[in-house]
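# Observations on chain architecture
Residue-level listing of the chains:
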Amino acid sequence: MHIKDIDLNLLRLFDAVYRTRSVSRAAELLDLTQPAASQALTRLRLLIKDPLFVRAGGGVEPTPKADRLADAVRSALGLLEEALNESALFDPQASRKVFRIHMSDIGEGRFLPDLVVALRREAPGVRLETLPVPRGEIAQRLDSGRIDFAFGFLPTVKDTQRVQLIKDRYVVLLRAGHPFARRRRSAQALLEDLRQLEFVAVRTHSDTLRILEMLQLHDRLRLTTEHFMVLPSIVRGTDLAVVMPRNIARTFAADGGYALIEPPLPLRDFTVALHWSRRFEADPGNQWMRGLIESLFKE
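Cut-off values and rules
Residues numbered from 1 in each chain as written. Predicted model: local features only at pLDDT ≥ 70, side-chain atom pairs only at ≥ 80, totals over all residues. Heavy atoms only, no water. Helix = DSSP H or I, 4+ residues; strand = E, 2+ residues; numbered from the N terminus. Buried < 20%, exposed > 50% of the residue type's maximum accessible area, 1.4 Å probe, protein only. Contact = heavy atoms within 4.5 Å. Polar contact = N/O pair within 3.5 Å; in protein donor to acceptor, adjacent residues only side chain to side chain. Salt bridge = Lys/Arg side-chain N within 4 Å of Asp/Glu carboxyl O. Axes fitted to C-alpha atoms, helices over the stretch in contact; angles between N-to-C directions. Parallel < 35°, antiparallel > 145°, perpendicular 65-115°, else oblique. Left-handed = near helix turned anticlockwise from the far one by under 90°. Nonpolar A, V, L, I, M, F, W, Y, C, P; charged D, E, K, R; others polar.

## Considering the side chain of S75
- Within the element layout of this structure, S75 appears in helix α4 (residues 64-84).
- Residue S75 is classed as buried on the basis of its relative accessible area, which comes to 13%.
- Once residues lying within four places of it in the same chain are set aside, the contact partners of S75 are S144 and R146.

## Brief notes about the side chain of D50
- Mapped onto the elements, D50 comes out in the loop between α3 (34-48) and β1 (53-56).
- Here L52 takes part through its backbone nitrogen, which lies 2.8 Å from a polar atom of the side chain of D50.
- Setting aside residues no more than four positions away along its own chain, D50 makes contact with R45, T63 and K65.

## Description of the pattern of salt bridges
- Summed over all chains, the structure comprises 19 salt bridges.
- One salt bridge connects R74 with D15, and the closest N-O pair in it is separated by 3.2 Å. Taken together, the positions of R74 in helix α4 and D15 in helix α1 (residues 8-20) put the pair 59 residues apart, joining distant regions of the chain. In terms of burial, R74 and D15 fall into one category: buried.
- When the shortest N-O distance is used, the salt bridge between R222 and E198 registers 2.8 Å. Here the residue R222 occupies a position in strand β8 (residues 221-225), and E198 occupies one in strand β7 (residues 198-202), the gap between them amounting to 24 residues.
- By relative accessible area, R222 is classed as partly exposed at 43%.
- What you see here is one network of salt bridges that share partners, running through D15, R19, R74, R100 and E129.

## Topic: the packing of helix α5 (residues 105-122) against helix α12 (residues 284-297)
- Where α5 contacts α12, the two axes come as close as 11 Å, and the packing angle between them is 120°. With respect to each other, α5 and α12 are oriented oblique. Crossing of α5 against α12: the hand is right-handed. Two secondary-structure elements touch here, α5 through R110, F111, D114, L115, A118, L119 and E122 and α12 through W288, M289, L292, I293, L296 and F297.
- Its residues assigned to classes, the contact of α5 with α12 shows 10 nonpolar, no polar and 3 charged.

Functional significance is not addressed by these values, which are geometric in nature.
Below is the structure:
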């Protein structure tokens, strides 16, 4: 097969199906009828000589071949779109641009609600996609155009442009009424007495695990999960404690049912920043979105 045999619209369809895991939703995104999308996908399958997607649980799942193609197709489409729109002014009210953003689950909880509200007001046709990217790949994906921005505490991400948004620190969250939270202690005594607690931690947030290890509390770890956002119900219903960012912990505590303590943890202070690529710094859409994010979140 030669690249000349591929219609660009087939690649756009492939990307949409891969992202949505649904032919019907992909057709809707591209303003196609479902029969037209199915016929186009059949053409692409014949050209690629692979099924690309198989039926699974109310949608489709990609084949290994589709997984290998997905990043290259998305990158190529993104770069082409960037080149075609390079000199165009960005009109937020008229734009239908898709911004792809690296965020953790806790970042989504902190930033997405306000950002979505602002976009509905300022740029109603603009769409967001969030996806977690391994830290070692963030800079490369920003440079390739596969993601537009990265939010978070990302000290190992180098060679990007960045702006500091908020200063935060790690604290310990407990259920309201937890016996540990009733007794007053000095800061040092509070730190030493953490050994009385048992902890739940999040595997994907390595800094909190590192804090527990530095305090030699790894043997007090009773549960490890994948996501921060499951923690409120776990903490509220048990005597487990969790080390987490104060900004998020205060949000939980404001609804009642939680106690928040602030021992002098190692590595407790950190900065949340917005990262982007130097390659796209002059892009009007990138500039507009950076300005919106800074106006919403920069302290």
